[in-house]
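Chains, contacts and geometry: an overview
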Amino acid sequence: MSVGTDDRLERYAELAVRVGANVQPGQQVFVHPMVEHVELGRALVRQAYEAGAEYVHVYYRDDHVRHAMIGLGPDSALTYSPAWAKELMLSEAGNASIGTTGRPEPELLADLDGERVGRAIQLELADIAQQQHRDNSVNWTGIGAPNEGWAEQVFGEPDVEKLWEKVAFCMRLDEPDPVEAWRGHMARLDARAAALTALGPDALHYRGPGTDLTVGLLPSAHWGSARFRTSGGIDYVANMPTEEIFTTPDSRRAEGTIRSSLPLVLNGQIVRGLELTFEDGRIVGVEAETGAELVRSQQATIENADRLGELALVTNESRVGQSETLFFDTLFDENATCHIAYGMGLPYAFDGVPDEGSNVCKIHVDFMVGGPELEVDAVLADGSEVPLIRNETWQLPA
Amino acid sequence: MDERLERYAELVVRVGANVQPGQEVFLFPAVEHRELARALTRQAYRAGASYVNVIYRDGHTRRAMIELGADAALTYAPEWQKVLATSTAGNALIATTGEPEPDLLADLDGERVGRAVQQELVQIQMQLLGEGAVNWCGIGAPSEGWAQQVFGEPDVERLWETVAFCMRLDEPDPVAAWQEHLARLTGRTEQMNELAADGLRYRAPGTDLTVGLNPGVHWASGAGDTASGIRYVANMPTEEVFTSPDARRTEGTVRATQPFPLFGQVVRGLELTFEQGRAVRVEAETGADLVRSHFATIENADRLGEVALVTGESRVGQTGLLFYDVLYDENSTCHIAYGTGLPFLLDAEPDDAFNIANMHVDFMVGGPELEVDAVLADGTEVPLIRNEEWQLG
């Protein structure tokens, strides 16, 4: 029996449970692995019980089931939210939740009609998720789950061991005391976020090949790391790894064009060479080498998907960036370099009720825009520009 | 795409659950059964399902719960699972068996393993079963672990061939073969209902057991109909004719003739002694604690809920294999179940003769040496089974 014998797997799961979700004794825990992630799913369950969980729910997701639903199911199935799935999600309030990423077949849905793939969103579940983000009622985290298919996508061969080593490096599992290493890392990110919040820019200006975009900021939104605190007072780290500081922009003020710098795995298709043009905050042009139809479908069928919900800054200190690996997984790739998201504004950027400029939307899609050539400036209220990022290096003192 | 897999899934969807256009379908596979689960999902949509819900279960997470969780976790039925169970009403359900690791829980405390039953969920399922609310089907899902258990090596291909034989997928027209097979079983069922026996008597080495029958409960086999008239085959394969006995009138001793997996442990050499309907003694080479825990902690688990007759014509029996899977093994030979009676067999409201419990555990008692007689109301005995052959003609 393999139970408890794979030390790295258990230490990884323990870190996700103790530092990521920060499961509290007596809480229920909801684990959402893909069906190919069973080994990690089981380790998370063990570690959650070890941490004193009252009960651990495991709901396995399966992209092949989704493929059949979109490919063969009726139109009504695309947006359907079963009653039990709603109840499952509602039960997470006040409890802990752990999701895993790392698709074994990132392009599994490539042969399906992009319009249907884009439309396929469980609308009522998305509403519940939005509410829980606003209430900050769940201590949650997302982590990667190495598997053969994912390794194949990353390295061109199913070298899971190599992927595990990369993931362990990004997760600081190579440190003598990973928990302490994470504490120091999050403190550094929080200090950087505080410095930018103190600068109080009115907008950010992105410049790079194919990119010239200005995005307005909201005075009531702060910059922060992914270390959050639930309304019940539980500190947690929502993404592991995390290397970003982010804010929620003014979704009414985006002008110009931005070109994505990395491919993006989105709903089982890969979007390559994405280029978005904004006018008055809304996306008016979508171009891409692959996946354009999927993105356009989201913009056409999901209200406010054509507005921005997040701006995030990542520098070359990122362990993910240092791994010099394209992961084909948003959790990792978005922490390698600067990124932006269209869709839902993150309520976590606000101390109270989100500003009306914060975008309300049922989806949130991050895409990568960073790289050596990207210049990011803070635009102050008087119109002067302060460099924030040059050559992937942080330009402010903190 | 694996053609045999798709044909198998199609047979299950069309003949087993008989999914109707517009129905939702609920699949409950083990995580190790994902290839079959995906094929079932495809075939269900092809049959016109409005939505296919797939809820994977995982023996390892159950293991962690029993080993590491608090006492309260053992019997906890989460609200979402109750909603899930209730949502199956009016819809189709397909469950898969074939434990990849039948003795995964062997090293855990049998008392805790036995107590770990989500009783509120079982109650909902039994209620729906009684109402005939669900067209459902249970089938086997070959996996490496299961093949290892059956053959001593992970020969999944051989297990697939065996399963295909038991499922009549080797027939030129499997659907027609199933109709013919079900008609044969129906003939036996009618014989038993006409005979209207008052009891059954089992005799074999280590076995001398009399079981009273309940006049308010009929014999059944193979196909059933939901309350709304959807014909379905609840088990595939199925080779049995069965009824729920008078749970108050069981006397004597019965010895299981095969080991069987139960809750992640394997019960070997089970011997139960009954007095006035209740099991008063449990002996077993392995798994005795688990069975005793069922009897001690689950109300009426110590009474019988089913008697089932299977003969040598069974395709499962003809394989000569021990499957370590109740769906298969119970269709290879005669079996009995402790725990709940099957509510869809009731002709009237249940009385105390009909057992109600939050579990149902089948175990095999058949073999060449088993003699089963029907005991009529006047005390005469009519042979039903000798040397695994049907005696009623």
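Below you will find a few notes about this structure. (Residues numbered from 1 in each chain as written. Chains lettered and ligands numbered in written order. Predicted model: local features only at pLDDT ≥ 70, side-chain atom pairs only at ≥ 80, totals over all residues. Heavy atoms only, no water.)

Observations concerning the overall build of chain A
Counting its secondary structure elements, chain A contains 12 helices and 20 strands. For 398 residues, the compact-globule estimate of 2.2 N^0.38 gives 21 Å, and the C-alpha radius of gyration of chain A, at 20 Å, lies within 12% of that figure. Dimensions along the principal axes, computed over C-alpha positions, put chain A at roughly 65 × 50 × 45 Å. Looking at chain A as a whole, 59% of its 398 residues are labelled buried. Residue pairs in contact within chain A that sit at least 24 positions apart in sequence constitute 76% of those at least 6 positions apart. Summing over all exposed atoms, chain A offers an accessible surface of approximately 14,400 Å²; the carbon and sulfur share of this is 48%. If you average the places of the 31 positive and of the 63 negative side-chain charges in chain A, the two averages end up 2 Å apart. (Helix = DSSP H or I, 4+ residues; strand = E, 2+ residues; numbered from the N terminus. Rg over C-alpha atoms; globule rule 2.2 N^0.38 Å. Buried < 20%, exposed > 50% of the residue type's maximum accessible area, 1.4 Å probe, protein only. Contact = heavy atoms within 4.5 Å. Areas by Shrake-Rupley, 256 points an atom, 1.4 Å probe, with all protein chains shown as cover. Lys, Arg positive; Asp, Glu negative; His and termini not counted. Charge placed at Lys NZ, Arg CZ, Asp CG, Glu CD.)

Notes on the pairing of strand S18 (residues 375-379) of chain A
Residues and elements named next belong to chain A. With respect to burial, S18 is a largely interior element, four of its five residues being buried. When strand S5 (residues 203-208) meets S18, the two strands line up antiparallel, connected through five bridges. Across the sheet, the residue bridging to histidine 205 is aspartate 377, located in S18. As defined by bridge partners, S18 adjoins strand S19 (residues 385-390) across four bridges and the pair is classed as antiparallel. Residue alanine 378 lies in a different strand from S19, and its bridge partner there is valine 386. (Pairing = 2+ DSSP bridges.)

Digging into the packing of helix H1 (residues 7-20) of chain A against helix H2 (residues 38-50) of chain A
All names here are of chain A. Packing of H1 against H2 leaves a shortest axis separation of 8 Å and a crossing angle of 55°. Taken together, H1 and H2 sit at an angle that is classed as oblique. The way H1 lies across H2 gives a crossing that is right-handed. On H2, the residues that touch Leu9, Glu10, Tyr12, Ala13, Glu14, Ala16, Val17 and Arg18 of H1 are Glu39, Leu40, Ala43, Leu44, Arg46, Gln47, Ala48 and Glu50. Here the residues of the contact of H1 with H2 are counted per class, giving nine nonpolar, one polar and six charged. (Axes fitted to C-alpha atoms, helices over the stretch in contact; angles between N-to-C directions. Parallel < 35°, antiparallel > 145°, perpendicular 65-115°, else oblique. Left-handed = near helix turned anticlockwise from the far one by under 90°. Nonpolar A, V, L, I, M, F, W, Y, C, P; charged D, E, K, R; others polar.)

Observations regarding helix H5 (residues 79-87) of chain B
Listed as buried for H5 of chain B are Trp80, Gln81, Lys82, Leu84 and Ala85 of chain B. In this fold, the buried residues of H5 of chain B make contact with strand S2 (55-58) and helix H4 (83-90) of chain A together with strand S1 (24-28) and helix H7 (119-131) of chain B.

Section: the sheet that holds strand S4 (residues 135-140) of chain B
Consider a sheet: its strands pair through backbone hydrogen bonds, and that pairing is either parallel or antiparallel. All names here are of chain B. One open sheet accounts for five strands, arranged S2-S1-S3-S4-S10; its pairing is parallel. On the outer flanks of this sheet lie strand S2 (51-54) and strand S10 (235-236), each paired with one strand and no other. Pairing between S1 and strand S3 (residues 92-97): four bridges, direction parallel. Looking across to S3, one finds that phenylalanine 28 is bridged to alanine 95.

Thoughts on the interface of chain B and chain A
With 34 residues of chain B at the interface, the matching set in chain A holds 33 residues. Counting the surface lost from both chain B and chain A, the interface buries some 3,200 Å², and carbon and sulfur atoms represent 67% of this. Contact with chain A buries surface across chain B, with Arg38, Tyr45 and Trp80 of chain B losing the most and accounting together for 21% of the total. The interface formed by chain B and chain A holds four salt bridges in total. Between arginine 42 of chain A and glutamate 32 of chain B there is a salt bridge; the shortest N-O distance is 3.1 Å. Looking at the side of chain B that touches chain A, the elements that each hand over two or more residues are S1, helix H2 (34-46), S2, helix H3 (59-68) and H5 of chain B. (Buried area = accessible area lost by both parts, 1.4 Å probe. Salt bridge = Lys/Arg side-chain N within 4 Å of Asp/Glu carboxyl O.)

Side note on the packing of H1 of chain A against helix H8 (residues 160-170) of chain A
The axes of two packed helices give the description: the angle between them and the distance between them. Residues and elements named next belong to chain A. In contact at an axis separation of 12 Å, H1 and H8 are set at 35° when each is read in the N-to-C sense. The two elements H1 and H8 meet at a crossing, and its hand is left-handed. Contact residues: Arg8, Leu9 and Tyr12 in H1; Glu161, Trp164, Glu165 and Val167 in H8. Residues of the contact of H1 with H8, tallied by class, amount to four nonpolar, no polar and three charged.

Digging into the environment of valine 372 of chain B
All names here are of chain B. Position of valine 372 relative to the elements: it lies in strand S20 (residues 371-375). Classification of valine 372 as buried rests on a relative accessible area of 0%. Residues valine 372 and leucine 104, spaced 268 residues apart in sequence, show a C-alpha to C-alpha distance of 35 Å. With residues up to four places along the chain from it excluded, the contact list for valine 372 reads Arg201, Tyr202, Leu309, Val382, Pro383, Leu384, Ile385 and Arg386.

Comments concerning the sheet that holds strand S7 (residues 220-221) of chain B
Residue and element names in this part refer to chain B. Taken in spatial order, the five strands of this open sheet run S7-S11-S17-S18-S19, and their pairing is antiparallel. Because the sheet does not close on itself, it has two edges, and the strands there are S7 and strand S19 (360-364). Note that strand S11 (residues 241-243) and strand S17 (residues 304-309) share three bridges and pair antiparallel. Paired with threonine 243 across the bridge in S17 is valine 307.

Observations concerning the pattern of salt bridges
Tallying each qualifying case throughout the model produces 70 salt bridges over all chains. The salt bridge partner of arginine 183 of chain A is glutamate 180 of chain A, with a shortest N-O separation of 2.9 Å. Separated by three residues within a single helix, arginine 183 of chain A and glutamate 180 of chain A lie in helix H9 (residues 178-199), roughly one turn from each other. A residue is classified by how much of its surface remains accessible, and arginine 183 of chain A, at 52% relative accessible area, is exposed. When the shortest N-O distance is used, the salt bridge between aspartate 71 of chain B and arginine 115 of chain B registers 3.3 Å. In this pair, aspartate 71 of chain B is assigned in helix H4 (residues 71-75) and arginine 115 of chain B in helix H6 (residues 110-115), connecting sequence segments 44 residues apart. Take aspartate 71 of chain B: its relative accessible area is 45%, and that puts it in the partly exposed class. Linked by salt bridges that have partners in common, Arg201, Arg203, Asp208, Glu371, Asp373, Glu381 and Arg386 of chain B make up one network.

Considering unusual backbone geometry
For the bond running from methionine 240 of chain A to proline 241 of chain A, omega is 5°, close enough to zero to count as cis. Secondary-structure assignment places proline 241 of chain A in the loop between strand S8 (235-237) and strand S9 (245-247). In this structure, the amide linkage connecting methionine 236 of chain B to the following residue, proline 237 of chain B, adopts the cis form with an omega of 0°. Even without glycine at this site, glutamine 276 of chain B takes up a positive phi of about 50°. Tracing the backbone shows glutamine 276 of chain B in the loop between strand S15 (271-275) and strand S16 (278-283).

Taken by themselves, the reported measurements are silent on function.
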